[in-house]
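# Secondary and tertiary structure notes
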Amino acid sequence: MLVFAAIVPHPPILIPQIGKDNLKKLKKTVAAFNLLEEDLNAARPDVIVVISPHGEVNFDAFTINTNQSYSASFENFGDFSTRLRFNADLGFINALKGKNETKLPIQLVSELKLDHGAAVPLFYLTRKNNKRRIVPITYSMLNYQKHIDFGVALKEAIFGSDKRIAIIASGDLSHRLSFQSPAGFSPRAKEFDKKLIQLLKKKSVDGVVGLDPELIENAGECGLRSFLILLGAIQKMNYEFEVLSYEAPFGVGYLVGEMKFT
Ligand SMILES: [Zn+2]
């Protein structure tokens, strides 16, 4: 069964060895991750499905990493000391792939190292328990509806399993919120973040799928497709979307939100 679902950002600067003093500027996000970690532990999942934009992205297939185990480390960001290890849930991955063989394009890859889209949130969410099995998924460049469909398939696999499962949809909002933004400023970036958060609160899946492509393009986000998979997985469930934090101290929108099941 699905016991937990959340949306999280993934700036490597959140890792203490990387962020150092800059972490102070991400206080709200850190506090929200602390809350999220408590709620996750209270939900006692056996498995954490983590959806990331930054694994191996295939244009026309969803990607699942089927390595036996995974490592999370941050050498690319100058941190040579933080290192985490996780085990895979190959049984769950096989069930998800097997049930959808003819329906959805799913590509299996085998990579020891998790990308930072998965590794940063897992750093925060597994501090008290790193024994949970991990299922790393990377979204595709297929259209938005296909991501909803993949979410529905994920949900069916979750409810076909006797395990307690959490979904973490990892992604940042607009990368163009200020003149300091690494991706440059867009006057419509704020509008995108505001609109997306509103639609998430309203649980408007159609609204998110139907977002103006020009607005999305202007925003320069990386999280939308991760969130769509999650929305597909939970769309018929009763929940409230609670925003735990939103801030953009470096011109990139960081949203932490939890789907509270009722
Ligand atoms: Zn990203």
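Position numbers for residues start from 1 in each chain and track the written sequence from start to end. Where local features are concerned, this predicted model is filtered to residues with pLDDT of at least 70; where side-chain atom pairs are given and counted, the filter is 80 or more; whole-chain, interface and lining totals use all residues. As a convention, hydrogens and water are excluded, and side-chain values are obtained from all of the structure's heavy atoms.

Per an unreviewed UniProt entry, the protein chain goes by AmmeMemoRadiSam system protein B and derives from Candidatus Falkowbacteria bacterium RIFOXYC2_FULL_48_21.

## Topic: the sheet that holds strand S1 (residues 2-8)
Filter applied, for reference: Two strands pair under a simple rule: DSSP has to find at least two bridges between them. The secondary structure listing takes helices from DSSP runs of H or I that are at least 4 residues long and strands from runs of E that are at least 2 residues long, numbered from the N terminus. Every angle, taken between N-to-C directions, lies between 0 and 180 degrees, and every axis is a line fitted to C-alpha atoms, over only the stretch in contact when it is a helix. Residues are treated as being in contact if the distance between any of their heavy atoms lies within 4.5 Å.
Taken in spatial order, the eight strands line up as S6-S3-S7-S2-S8-S1-S10-S9 in an open sheet, and their pairing is mixed. The open sheet has two free edges, formed respectively by strand S6 (106-109) and strand S9 (239-247), since each of these has just one partner strand. When the angles between neighbouring strand axes are averaged without regard to direction, this sheet yields 20°. Examined bridge by bridge, strand S2 (residues 47-52) and strand S7 (residues 133-138) share six bridges and lie parallel to one another. Looking at S7, one finds that Val 50 is bridged to Pro 136. Here helix H4 (residues 116-125) sits on the sheet and contacts S1, S2, S7 and strand S8 (165-170); the angle it forms with S2, its principal contact strand, is near 140°.

## Observations concerning unusual backbone geometry
One can expect most non-glycine residues to show negative phi and most peptide bonds to be in trans. Defined as follows: For the exposure calls, accessible area comes from a 1.4 Å probe over protein chains only, and a residue counts as buried if that area is under 20% of its type's maximum, exposed if over 50%, partly exposed in between.
Phi at Lys 20 takes a positive value of approximately 45°, unusual for a residue other than glycine. If you trace the backbone, Lys 20 turns up in the loop between helix H1 (16-19) and helix H2 (27-43). Even without glycine at this site, Arg 44 takes up a positive phi of about 50°. Position of Arg 44 relative to the elements: it lies in the loop between H2 and S2. We classify Arg 44 as exposed; its relative accessible area is 52%.

## Here's the deal with the coordination of the zinc ion
To keep it simple, the criterion reads: Each metal's donors are the N, O and S atoms within 2.8 Å of it, or within 3.2 Å when it is Na, K or Ca, and because water is not part of the set, sites may look incomplete.
Coordination of the zinc ion by the protein involves His 10 (NE2), His 54 (NE2) and Cys 222 (SG), with metal-donor separations of 2.0 to 2.3 Å. Donor residues for the zinc ion, ordered by position in the chain, follow H-x43-H-x167-C. With His 10 in the loop between S1 and H1 and His 54 in the loop between S2 and strand S3 (62-65), the pair connects residues that are 44 residues apart, well separated along the chain.

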